[in-house]
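Here are the chains, one letter per residue:
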Amino acid sequence: MTTVDHIDLPAAHGARGTVRLPGSKSISNRVLLLAALAEGVTEVKALLDSDDTRVMLEALKHLGVNWSRHEGSDDYRVEGVAGRFQVKYANLFLGNAGTAFRSLTAVCALAGGDYTLTGVPRMHERPIGDLVEALRQAGAQINYLENAGYPPLHILAPTPNDGEIRVKGNVSSQYLTGLLLSAPLLGRQVTIVVDGELISKPYVEITLNLMRRFGVEVKRDDWASFVVPAATYKSPGAIEVEGDASSASYFLAAGAIGHGPVRVEGIGRDSIQGDVRFAEALARMGAEISFGPNWVESRLACADRLGAIDLDCNHIPDAAMTLAILALFADGTTTLTNIASWRVKETDRIAAMATELRKVGATVAEGADYIRVTPPAKLTANAVIDTYDDHRMAMCFSLISLGGVPVRINNPKCTAKTFPTYWDVFKSIAQ
């Protein structure tokens, strides 16, 4: 049964079926911003309908971008402004949408207006100082309205500078994505240099891929520096959003836990999203994975249980959360490393994951950038899982029920951030 504040999932002993994924959040918000900045009109097909995309759409409307939704579909028409927002004064509320907040900070900082960017209390705890410092090198005028290094922000028209821009790469790849997306607004060739190791590289690859689709080809020297040419975004005419590879991880995991097969449609072997490589990690744990051009399928291979792994998760930071749940169904101890970015997401995901895993009987150790999970001999039934207003916590812990134990998930509506129909879809495959 579902109430306003929780959902009770009954014990399930298998998972089987086919799931059509909603559009990728990462692709959806990037495409919307690129379409807004481009010359011409863009038809965006299969856009994700979620809290985060609604935040971006509303912000673009406040900035004077005209868009419309085709009746009865998730297709949109976006009229580009050729890099010049018509509205030069706006207050933008961006909720807890990190992809929207970081990219719009960068774009607004170089757009020549007076803008205030705010969010929910958790967003005001998520660091943004490294991005602000990088933008200031380009001449941006950004002031902190509360605590230095964190939103909310007040942005004034820039005084453009020449020279390269340097940004730290070890906190969030969204900083680099924001700089890349906004660089063409400077009207000159821009070199962006990354200080230190760049985390979550596949998300930057998505950005580069989509910028290319909109006519701006970025040259990179490995992952250390990026040269953005003096160019204007041009609409490709139409672009279709892939299914969300991070969301696919829950159903592929369900196929492995519940013996499957479970097929997810909307991503495939040619996906531009790094989280599609979650399937590789799942195969290492003992699942049987099949790929098609627009689908991935999973089932448990020969063994009754999965096997534990040690994995550097830099390439799949969001989907790696699902691996922490899969550790409950594996023989041995699973260690996931290079996940420091979990600490600055919708919640401190390392601490939250450790706390909730212990409720179902796991032995958990955590550090600054790792989590280590040893499964219990038997899962604790009827655990009450707190989700910290984090959509991925809610979706991850739904998988507990496939271990044959009932579980209660608090605040299930938080999945609306990226997957509003998640609970109905999950119910359709759980047996």
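To be clear, the structure that these remarks concern was listed above.
Residues numbered from 1 in each chain as written. Predicted model: local features only at pLDDT ≥ 70, side-chain atom pairs only at ≥ 80, totals over all residues. Heavy atoms only, no water.

> Can you help me understand the overall build of the chain in this one?
Helix and strand content of the chain: twelve helices and 25 strands. Its C-alpha atoms put the chain at 60 × 45 × 40 Å along the principal axes. For the chain, the proportion of its 431 residues judged to be buried stands at 59%. Restricting the contact set of the chain to residue pairs at least 6 apart, pairs at least 24 apart contribute 73%. Summed over its atoms, the accessible surface of the chain is roughly 15,700 Å², and 48% of this surface lies on carbon and sulfur atoms. Charge centroids of the chain, computed over 42 positive and 48 negative side chains, lie 1 Å from each other. (Helix = DSSP H or I, 4+ residues; strand = E, 2+ residues; numbered from the N terminus. Buried < 20%, exposed > 50% of the residue type's maximum accessible area, 1.4 Å probe, protein only. Contact = heavy atoms within 4.5 Å. Areas by Shrake-Rupley, 256 points an atom, 1.4 Å probe, with all protein chains shown as cover. Lys, Arg positive; Asp, Glu negative; His and termini not counted. Charge placed at Lys NZ, Arg CZ, Asp CG, Glu CD.)

> Got a minute to help me understand the pattern of salt bridges in this structure?
Two side chains bearing opposite charge may form a pair once their charged atoms approach each other closely. Per the stated rule, a full pass over the model turns up 29 salt bridges. Among the ionic pairs, Asp 162 bridges to Arg 188, the shortest N-O distance being 3.9 Å. Taken together, the residues Asp 162 in the loop between strand 9 (153–156) and strand 10 (165–168) and Arg 188 in the loop between helix 5 (173–182) and strand 11 (190–195) connect sequence positions 26 residues apart. Owing to a relative accessible area of 17%, Arg 188 belongs among the buried residues under this scheme. Of the charged contacts in the structure, one is a salt bridge between Arg 349 and Asp 318, with a shortest N-O distance of 3.3 Å. Taken as a pair, Arg 349 in helix 10 (residues 349–359) and Asp 318 in the loop between strand 19 (310–312) and helix 9 (320–326) lie far apart in primary sequence, 31 residues in all. The exposure class of Arg 349 is buried, given its relative accessible area of 1%. A cluster of three or more residues bridged by salt bridges with shared partners is formed by Lys 25, Asp 52, Asp 318, Glu 346, Arg 349, Asp 390, Arg 392 and Lys 417. (Salt bridge = Lys/Arg side-chain N within 4 Å of Asp/Glu carboxyl O.)

> Sorry, what's going on with the environment of Leu 282 here?
Position of Leu 282 among the secondary structure elements: in helix 8 (residues 278–284). Look at Leu 282 and you get buried, because its relative accessible area is 0%. When the C-alpha positions of Leu 282 and Leu 57 are compared, they lie 35 Å apart, and in sequence the two are 225 residues distant. Once residues within four sequence positions are removed from consideration, Leu 282 is found in contact with Leu 252, Ala 253, Ala 256, Ala 287, Ile 289, Ser 298 and Leu 326.

> Even after reading the chapter, I still don't get the packing of helix 1 (residues 25–37) against helix 6 (residues 201–213), so can you show me in this structure?
As a packed pair, helix 1 and helix 6 sit with axes 10 Å apart at the nearest point and diverge in direction by 35°. Where helix 1 crosses over helix 6, the two elements pack in a sense that is right-handed. Between helix 1 and helix 6, the contacting residues are Ser 26, Ile 27, Arg 30, Val 31 and Leu 34 on the first element and Tyr 203, Ile 206, Thr 207, Leu 210 and Met 211 on the second. Tallied by class, residues from the contact of helix 1 with helix 6 come to seven nonpolar, two polar and one charged. (Axes fitted to C-alpha atoms, helices over the stretch in contact; angles between N-to-C directions. Left-handed = near helix turned anticlockwise from the far one by under 90°. Nonpolar A, V, L, I, M, F, W, Y, C, P; charged D, E, K, R; others polar.)

> Honestly, the side chain of Lys 417 in this entry has me stumped. Any pointers?
Note on placement: Lys 417 falls in the loop between strand 25 (407–410) and helix 12 (422–429). Beyond its immediate sequence surroundings of up to four residues, Lys 417 is in contact with Lys 25, Ser 50, Asp 51, Asp 52, Asn 96, Ala 97, Glu 346 and His 391.

> Is there a simple way to explain the sheet that holds strand 10 in this structure?
Strand pairing in a sheet relies on backbone hydrogen bonds, with the paired strands running either antiparallel or parallel. On the basis of which strands lie adjacent, the open sheet formed by four strands has the order 10-11-13-12 and mixed pairing. Pairing within the sheet leaves two strands with one partner each, and these edge strands are strand 10 and strand 12 (219–221). Put simply, the sheet's adjacent strands are angled 20° from each other on average, direction ignored. Docked against the sheet, helix 5 engages strand 10, strand 11 and strand 13 (225–228), running at close to 155° with respect to strand 10. (Pairing = 2+ DSSP bridges.)

> Help me understand helix 7 (residues 245–257) in this model?
Helical periodicity: at 3.6 residues per turn, an α-helix aligns residues three or four positions apart in one direction. Between the first and last C-alpha of helix 7 there are 18 Å, a value that for 13 residues agrees with the 18 Å anticipated at 1.5 Å per step. With 13 of 13 residues buried, helix 7 is to be regarded as a mostly interior element. Its side-chain oxygen 3.1 Å from the backbone nitrogen of Ser 246, Asp 244 forms the N-cap of helix 7. (Expected span 1.5 Å × (residues − 1). Polar contact = N/O pair within 3.5 Å; in protein donor to acceptor, adjacent residues only side chain to side chain.)

> When you look at the packing of helix 7 against helix 11 (residues 391–398) in this model, what are you seeing that I'm missing?
Working note: a packed helix pair is described by the angle between its axes plus the distance between those axes. For the pair helix 7 and helix 11, the least separation of the axes is 9 Å and the interaxial angle reads 20°. If you check the angle between helix 7 and helix 11, you find them roughly parallel. For the pair helix 7 and helix 11, the crossing hand works out as right-handed. On helix 11, the residues touching Ser 246, Ser 247 and Tyr 250 of helix 7 are Arg 392, Met 395 and Cys 396. A class-by-class count of the residues in the contact of helix 7 with helix 11 yields three nonpolar, two polar and one charged. (Parallel < 35°, antiparallel > 145°, perpendicular 65-115°, else oblique.)

> Any chance you could explain the pairing of strand 10 here in plain terms?
Successive residues of a regular strand alternate their side chains across the two faces of the sheet. Burial along strand 10 is one-sided: Ile 165 and Val 167 are buried, while Arg 166 and Lys 168, pointing the other way, are not. Sheet topology note: the strand 10/strand 11 ladder contains four bridges and is parallel. In the sheet register, Ile 165 faces strand 11, and the bridge partner there is Ile 192.

> What's the story with unusual backbone geometry in this structure? I'm lost.
Glycine aside, a negative phi is what most residues show, and trans is what most peptide bonds show. Residue Pro 151 is joined to Pro 152 through a cis peptide bond whose omega torsion reads 5°. Its place among the elements puts Pro 152 in the loop between strand 8 (141–144) and strand 9. Here the amide bond leading from Gly 260 into Pro 261 is cis, since omega sits at 5°, within 30 degrees of zero. Within the secondary structure layout, Pro 261 lies in strand 15 (residues 259–265). One non-glycine residue, Asp 222, lies in positive phi territory at about 50°. Tracing the backbone shows Asp 222 in the loop between strand 12 and strand 13. Take Asp 222: its relative accessible area is 54%, and that puts it in the exposed class. In this model, Tyr 388 sits at a positive phi of 60°, which is unusual for a non-glycine residue. Owing to a relative accessible area of 34%, Tyr 388 belongs among the partly exposed residues under this scheme.

Read these as geometric descriptors, not functional statements.
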